[in-house]
Amino acid sequence: MGRFATVVMFLFCAYGGWSQVQTVSGTVRSTSGEPLIGATILLKGTGRGTATDFEGRYSLALPDSSAVLLFSYTGMQPQTITVAGRSRVDVLLREDVQMIDEVVVTAYTGEQKQRDIVGSYEQVSGDELLPQRPVESFDKMLDGQIAGVQVELNTGEPGLPVQVRIRGNNSLPPVNSNDVVASGQPLFVLDGVPLYDVSETNTANTPFSTTLDQQLNPLMFVRPEDIESITVLKDASATAIYGANAANGVILITTKQGKAGRTKITGGVSTGFSRLINPVRYLDTEEYISLARETLFNSGGNPEDAGPIDVETDWPALTQRQGSVTNASLSLNGGNDKTKFYLSAGYFKENAISRGNGLERITLRSNLNTGLSDKLSLRFGFSGGYVYKASFSDFGAFTYPPNQSPFNADGSFNNGGFFINRPNPLAALAQNEFFHHAYSVNNNLQLTYEPVPGLQLRAMGGIDGYLQLQYQYFSALNGSGRTVNGRGRRFTRGNLQWVANAQASYQKAFGEHHLSALAGTEANQQTTYRQRITASNFPSDQLREFWTVDVSDIDADESNYQDATQSFYAQASYDYAYRYYFTVSARRDASSIFGGDVQAGNFFSAGLAWAFSEEAALAEAGWLSFGKLRFSYGLTGNSRLGTYSARGLYGYSPAYLYGGNIGLAPTAPANESLTWELVRKYNFAIDLEFLQGRLKATVEHYRNFTEDAIYTIPVPLESGFANIVTNAADQRNVGWEASIQTVNIQGELRWSTRFNIARNRNQLTRIDAERFPASTFNSRGLVVGENSSVLYGVPFAGIDPYNGKQLFFLPDGSITDDHRLLNEPENWVPVGQSAPDWYGGVSNTFSYKGLTLDVLVSYSYGGDVLVDPLTFTDGRQILINNQSANQLDRWQQPGDLTDTPRLHQSTPIQRNNTRYLFDNDFLRLANASLQYQLPARWLDAIGITRLSVQAQANNLGYLYSTRARAGRNGVAAYRFRFPEAQAFMFGLNLTL
């Protein structure tokens, strides 16, 4: 009876306990909002649990409300959560740096494990670019992101090309506008297809001057939100397989591909405003009249000629505005194990802070991956885009005198008096036109066949097309076109290139021996078309079509360039036990650009690596997670220059008449010996990981030696030419780089940091004819022993306190106020360099539950900038240009101590002196982005997978090493000709 009572009591208690059973449900997602299929949920202390379904959902019965659940997923940090009576628990799992084996995209081979590479590759993901920034092109987003990559941001105008340098200047920069040089840009490759480089085809010795033909940036057609990753290839082991055009590095852009699963629809929209930062402080009318009268008095003129005193015109305010930015996107992503697709559309519009300037872009992209059979697969990608850009010139409106009114008394535009031959900016805004239409198409098709495991046969073809149409009209109603009764300009720039390659690759493991090899052939052809038409004397300002103009008032030029390259390449890699690595690559390119005997070039690389952390002595070291030494050496080339520089150019023009017929005449000499620009690259590196991958560091030392750099040198005029393009120089770039990644706090609160720093030293070691600046308005020169970015000029010695004259140092150390001596090149010395000594960036990411804060800072140290002296001409141009507030500090009487001379209309112009030279050392707060992802439990009921809201501030400001005095201007104000802006954006992103 007692035993029976005990059993009954046990059953009653058990029933009573399980009668309290409750069910908890929810979703498990990654921090990006992706459902995690098959994530494990275990009841802690038991073997009971469940897994998430296709939508990342789960449901689990619990014995009581205080149960503890363990959530886990491969490659993610596990989480332990107490239910605490809740019926729903949604979880976001974060990537586990200890478990993820990172991969990088490499040349021709696709993805490789980060730990197995020998060359210098550095990769940023599309998310790390912060792609929803109000920036129109991804190349600008690389600023501060990757060690050794410098992005030169020299203007605030949207849509223009920027110079990207990898490990310094491996090609020489031009000294004069008519110099032919090889492109200094890296090779950009989009999903295997090279992109058009606008700096490749030189305009020297042709009618296509870039001062009139405004080049746009073709890279802005690659929408940042479509980018999966960007990989920068730096050393020879990484780049030599690209051979002919890898001297300045290679940047691989990989776009997003479809993923198996249900079709996901993702949309986003953000909008915001922009405003001017670091404005120049100009003189107001009272200050201007005072200085103008003083200038006229000092010059023996009539002070009353300074103009009216009752007009106050704020020209910057009239020609600037609060800008606006809108960015919208829509994408579809899905498929099954056999076929996957990604479709996207994007819209971007920016009204710049300078009136009459802005950019509007529409892009489309589709990527398809499908298995045609068990052994044959197909990949197809297509992208297209259209850009409208308004590029109105303000005609120097910022510097117009403040006592000139833009309007007459009746409210009409003031186009007389001061504005007779100088356009009234407000009239020009209303009456002139300056805009571009640009189009781009890029597609690729790839077939991959795997007849046996490990062997792949691949054929790929791609096309990249670009067309830019520029139109300008200077109205006869204002000073810009009055003297010629209206002037119109049309420029057409088109480029079409195709690439095709066939490749075989093989991978095989023999125990602990791992071997991979590939070989292939590639063909590439590029055609560039240019047309320039100018017209004047339009019969009506309202009818601006060129067909209305008499043929005698039309001038036109047209040119068609074409080049082709045939290549063979191969690569082999071997490692033993993932400990000792060896890789070699070779490529042979034959290009139509060069002369017959030197058309072909051979390029190669070899690399070694030792993963010393895999040695038995260190295998159990708890403090070291991974360690590797790398070394590489190789030879790369550069052929991206004016297409016919080796073969000579001819011009067809009415200037060449023979027997009354228009003829041809040589305009540039042929040089059949012109050949590849070569760069020998050495690279030494160490990779380290500590604390189970929470601290990663890479330090690299490189030595790049440029041989036979392509340049323009003068020749005797008896030859019939002034110069010739030849292999004229050698230079070297030596430097250090370091990249550090840390996970400072890991858990529900996470804080990670990425830091990079680079130092580069450039030196010209040979040049056939040293180049000095052509005039005092040009500070660049090329001299053996100096940096190729050196700035030449005369050191400023201050102002003579007795007479207010400018003083300058001569090379012998003496001081002079004789401006005639300053015009002699022998008195010009190196005064600075545009390239920095140190540069890099640091980014921090803080996340807590659904809240994420990203902060990006870039910096530069050791460079200099020579600014335009237009606004401090010391009286010379004060009657036609307003002046900087710094001119208020001018010398006025004996004993004055200042850096501004006595104002006089005959003050000589001496631009290349250190008075106009500023240190360009700065910290730049590039971006701060705050995002909140709404909890999944709020969204599931309405069928939304992910919803986030965000706010971000872009280009918040600079901290310079030198600061201007209160009420005065410094490098921050003078540095940018087109004003720079900061932008604030607000938006949301939705996934269904």
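As a starting point, this report considers the structure included with it. (Residues numbered from 1 in each chain as written. Predicted model: local features only at pLDDT ≥ 70, side-chain atom pairs only at ≥ 80, totals over all residues. Heavy atoms only, no water.)

**A closer look at the nonpolar core**
Part 1 of the reasoning: Formed by 23 residues in total, the largest nonpolar core has its most connected members in Phe138, Leu142, Phe188, Ile230, Ile251 and Ile253.
Part 2 of the reasoning: Broken down by secondary-structure element, the contributors of at least two residues to this core are helix H2 (138–141), strand S11 (149–152), strand S12 (163–166), strand S13 (187–190), strand S15 (227–233) and strand S16 (250–255).
Part 3 of the reasoning: If one sorts the elements of this core by residue count, S15 sits on top with 3 residues.
Part 4 of the reasoning: Of all hydrophobic cores here, the second largest spans 18 residues; its members include Ala39, Leu43, Phe71 and Met76. (Core = buried A, V, L, I, M, F, W, Y, C linked by side-chain atoms within 4.5 Å. Buried < 20%, exposed > 50% of the residue type's maximum accessible area, 1.4 Å probe, protein only. Helix = DSSP H or I, 4+ residues; strand = E, 2+ residues; numbered from the N terminus.)

**Topic: the sheet that holds strand S1 (residues 22–30)**
Part 1 of the reasoning: With respect to topology, 3 strands assemble into an open sheet ordered S4-S1-S7, the strand pairing being mixed. Bordering the open sheet on either side are strand S4 (57–62) and strand S7 (91–93), each of which pairs with just one other strand. The average angle at which neighbouring strand axes cross in this sheet is 30 degrees, direction not considered.
Part 2 of the reasoning: Across 3 bridges, S1 lies against S7 in parallel orientation. By the bridge assignment for S7, serine 30 is matched with leucine 93. (Pairing = 2+ DSSP bridges. Axes fitted to C-alpha atoms, helices over the stretch in contact; angles between N-to-C directions.)

**Concerning the packing of aromatic side chains**
Part 1 of the reasoning: According to the stated counting rule, one finds 37 aromatic pairs in the structure shown.
Part 2 of the reasoning: Ring centres of tyrosine 108 and tyrosine 242 lie 5.0 Å apart, and the angle between their planes is 35 degrees; this geometry places the pair in the tilted category. Residue tyrosine 108 is found in the loop between strand S8 (103–106) and strand S9 (110–113), and its partner tyrosine 242 is found in the loop between helix H3 (236–239) and S16; the two are separated by 134 residues along the sequence. For the pair tyrosine 108 and tyrosine 242, one class covers both residues: buried.
Part 3 of the reasoning: Consider the rings of phenylalanine 918 and tyrosine 974, whose centres lie 5.8 Å apart with planes at 50 degrees: the pair is tilted. Pair noted here: phenylalanine 918 is in strand S44 (residues 917–919) and tyrosine 974 is in helix H10 (residues 971–974), with a separation of 56 residues, a long-range link.
Part 4 of the reasoning: Phenylalanine 918 sits in the buried class, given a relative accessible area of 17%.
Part 5 of the reasoning: Taken together, the aromatic side chains of Tyr388, Phe435, Tyr471, Tyr473, Phe538 and Phe546 make up a single cluster linked through ring pairs.
Part 6 of the reasoning: We note arginine 490 situated over the ring of phenylalanine 546; from NZ or CZ to the ring centre the distance is 4.5 Å. (Phe/Tyr/Trp six-rings, centres within 6.5 Å; stacked < 30°, edge-to-face > 60°. Lys NZ or Arg CZ within 6 Å of the ring centre and 35° of its normal.)

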